Amino acid sequence: MSELESSMIAIIHVFHKYSGHKCKLKKAELKELINNEMSHFITNIQDKETLDELFADLDQNRDLEIDFQEFIVLIAMVTSTCHDLFSTFHHH
Ligand SMILES: [Ca+2]
């Protein structure tokens, strides 16, 4: 597998690690995933308002759970932000 393909598998793997067999993240699981697995890229979520806001943004079908399709939007957003910072860093 290529590096990119391995990374895609890694994303799926992490999602399932926190979502379990139901394949959806509840709010507490989303928080745990972000705080444990994305701590270099996003600030740890401490307060309830930040979590509620992020959760509402991601939960597009309003079923109060984050499915994989909704989760990859977060991955895309964070990767994009990371890319911008990385490019800035490289250009200076
Ligand atoms: Ca949802």
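Quick note: structure is the one above.
None of the values given here were measured: they were computed from a predicted structure.

Procedures and definitions
Residues numbered from 1 in each chain as written. Predicted model: local features only at pLDDT ≥ 70, side-chain atom pairs only at ≥ 80, totals over all residues. Heavy atoms only, no water. Buried < 20%, exposed > 50% of the residue type's maximum accessible area, 1.4 Å probe, protein only. Helix = DSSP H or I, 4+ residues; strand = E, 2+ residues; numbered from the N terminus. Arc of directions from axis to C-beta. Contact = heavy atoms within 4.5 Å. Lys, Arg positive; Asp, Glu negative; His and termini not counted. Salt bridge = Lys/Arg side-chain N within 4 Å of Asp/Glu carboxyl O. Polar contact = N/O pair within 3.5 Å; in protein donor to acceptor, adjacent residues only side chain to side chain. Expected span 1.5 Å × (residues − 1).

Please clarify how helix α3 (residues 48-58) should be interpreted in this entry.
Think of an α-helix as 3.6 residues a turn; residues three or four steps apart then line up on the same face. For α3, the set of buried residues is Leu51, Leu54, Phe55 and Leu58. Down the axis of α3, the buried set is contained in an arc of 100°. They therefore lie on one face. Across α3 from its buried face, at more than 90 degrees, point the exposed residues Glu49, Glu53 and Asp57. Of the surrounding secondary structure, the elements contacted by the buried residues of α3 are β1 (24-25), α2 (27-37), β2 (66-67) and α4 (68-91).

I tried to follow the side chain of Asp59 on my own but got confused; where do I start?
Considering the arrangement of structural elements, one finds Asp59 in the loop between α3 and β2. Within the buried core, Asp59 has no salt-bridge partner, and the shortest N-O distance to an opposite charge, that of Arg62, equals 5.2 Å. A distance of 3.3 Å separates a polar atom in the side chain of Asp59 from the backbone nitrogen of Asp63. A distance of 2.7 Å separates the side chain of Asp59 from the backbone nitrogen of Leu64, its partner in a polar contact.

Is there a simple way to think about helix α1 (residues 3-19) in this case?
Compared with an ideal rise of 1.5 Å per residue, which puts 17 residues at 24 Å, α1 spans 24 Å between its outermost C-alpha atoms and is within 8% of the ideal. Inspection of α1 places Phe15, Tyr18 and Ser19 among the buried residues, and these make up the whole buried set. Mapping the buried residues of α1 onto a view down its axis gives an arc of 100°, with all of them on the same face. The exposed residues of α1 that point more than 90 degrees off its buried face are Glu3, His13 and Lys17. Packed against the buried residues of α1 are β1, α2, β2 and α4. Following α1 by one or two positions, Gly20 has its phi on the positive side, about 65°.

How should the pattern of salt bridges be read in this particular structure?
Once their charged atoms are close, side chains differing in charge can pair, the charge on each being opposite to the other. A full pass over the atoms with the stated rule returns six salt bridges. Lys24 serves as the salt-bridge partner of Asp63, at 3.2 Å between the closest nitrogen and oxygen. Pair noted here: Asp63 is in the loop between α3 and β2 and Lys24 is in strand β1, with a separation of 39 residues, a long-range link. The class of Asp63 is partly exposed, set by a relative accessible area of 29%. A network of salt bridges, in which partner residues are shared, links Lys27, Lys48 and Asp52.

Would you mind going over unusual backbone geometry with me for this structure?
Backbone phi values are negative for most residues with the exception of glycine, while trans is the configuration of most peptide bonds. Non-glycine residue Cys23 carries a positive phi angle of around 60°. Turning to its location among the elements, Cys23 is positioned in the loop between α1 and β1. Although it is not a glycine, Leu64 adopts a positive phi angle of roughly 65°. Residue placement: Leu64 occurs in the loop between α3 and β2.

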